[in-house]
Amino acid sequence: MNNFNYPYNSSQRTYILDKQIGDVNGDEIPDTVYLVGEKTENPFYENIKVIVQDGRTMQWYVIPLYAKYSMAYTPWLTLVNFTNSNTKEIMVNLPVGGSGALTYYYVISFFNNNAEYILDPEQFMGLSETLGFKVIYMDNYKVIVKSEKLDQSYTLDVSARKEFYEGTVYDKDGKLIEPREGFVIDFPHLNPIKIDGTVPYKLEGQHDIAGTSHADQLGYIVLYWKYTGQNKSWVLDPEMFFVMLE
């Protein structure tokens, strides 16, 4: 059990999962941000929430996460500036595992001690779905990855998988046995990144490209998103869309 001085009746199953220090409310005084969760008989933490202690007043604030997305195996948080202010936002990372190494992400603004989700798991999945990615197998061990919205496409060479595909996807001459499509996993892996060495940070999203199954990883799509406070939304940088071969 991890003990700290937050004044509430926590159960003996409540643990501190991570702790970071930085100014998240904009008063230029470092605050302490905790990520806490409950450990049950399940092999992961549940009912995860963020707790902030104001560095100036020492007052405590609880920021709950969505019940559907508040569990993880090895959760952690980081403080990053995604806006044009000098205040850092709280980024929560909740790995839940599975065949796609699924992780839920939150970005939370706590400016003036008011919590606001500027990114949550469902919001970002919705954004990525609008890009309309297609993964299409072609003859001669080629796979086209394209986005109609971005009007961009890439061709992957999957001839290294000839032995795996021959007889199921391709015939012995490298011709498709039947039309086939792969898919892009909409929940990406997100990382805060400085593109030009200055703040604010952007979010780098890596979307796995799968072929015949989740286990058949062909590569990944890399996208960059920036937050715009004026519209309170994330905007894609279409010039930085590219595909990496696995």
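Worth saying up front: this structure is predicted, and the values here are computed from it rather than measured.

Colleague: Could you clarify how one ought to interpret the side chain of Thr87 in this entry?
Modeller: Summarising the element assignment, Thr87 is placed in the loop between β5 (76–80) and β6 (89–97). By relative accessible area, Thr87 is classed as buried at 5%. Excluding its chain neighbours within four sequence positions, the residues that come into contact with Thr87 are Asp23, Val24, Asn25, Gly26, Asn81 and Phe111.

Colleague: Whenever I open this one, the pairing of β5 confuses me. Can you help?
Modeller: Most of β5 sits out of view: 4 of its 5 residues are buried. The pairing of β5 with β6 spans 5 bridges and is classified as antiparallel. Along β6, the bridge assignment pairs Leu77 with Val92.

Colleague: What should I look at first to understand the pattern of salt bridges in this one?
Modeller: Side-chain pairs of opposite charge can arise whenever the charged atoms involved come near each other. Applying the stated criterion to the full structure yields 6 salt bridges. We note a salt bridge from Arg161 to Asp216, for which the minimum N-O separation is 2.6 Å. Of this pair, Arg161 sits in the loop between β11 (152–157) and α2 (162–165) while Asp216 sits in the loop between β14 (202–210) and β15 (217–228), placing them 55 residues apart in sequence. The class for Arg161 is partly exposed, based on a relative accessible area of 24%. Between Lys202 and Asp237 there is a salt bridge whose closest N-O contact spans 3.6 Å. Taken together, the residues Lys202 in strand β14 and Asp237 in the loop between β16 (233–236) and β17 (242–245) connect sequence positions 35 residues apart.

Colleague: Explain the sheet that holds strand β4 (residues 60–64) to me, please; I cannot follow it from the model alone.
Modeller: Strand pairs in the sheet, formed through backbone hydrogen bonds, run parallel or antiparallel to each other. If you walk across this open sheet you meet the 4 strands as β1-β2-β3-β4, and the pairing is antiparallel. Of all the strands in the sheet, just β1 (14–22) and β4 have a single pairing partner and so form its edges. Between one strand axis and the next, the sheet turns by 25 degrees as a mean value, whatever way the strands run. In this structure, strand β2 (residues 31–39) lies alongside strand β3 (residues 45–53), joined through 7 bridges in antiparallel fashion. Of the residues in β3, the one forming a bridge with Val33 is Val52.

Reading guide: rules and limits
Residues numbered from 1 in each chain as written. Predicted model: local features only at pLDDT ≥ 70, side-chain atom pairs only at ≥ 80, totals over all residues. Heavy atoms only, no water. Helix = DSSP H or I, 4+ residues; strand = E, 2+ residues; numbered from the N terminus. Buried < 20%, exposed > 50% of the residue type's maximum accessible area, 1.4 Å probe, protein only. Contact = heavy atoms within 4.5 Å. Pairing = 2+ DSSP bridges. Salt bridge = Lys/Arg side-chain N within 4 Å of Asp/Glu carboxyl O. Axes fitted to C-alpha atoms, helices over the stretch in contact; angles between N-to-C directions.

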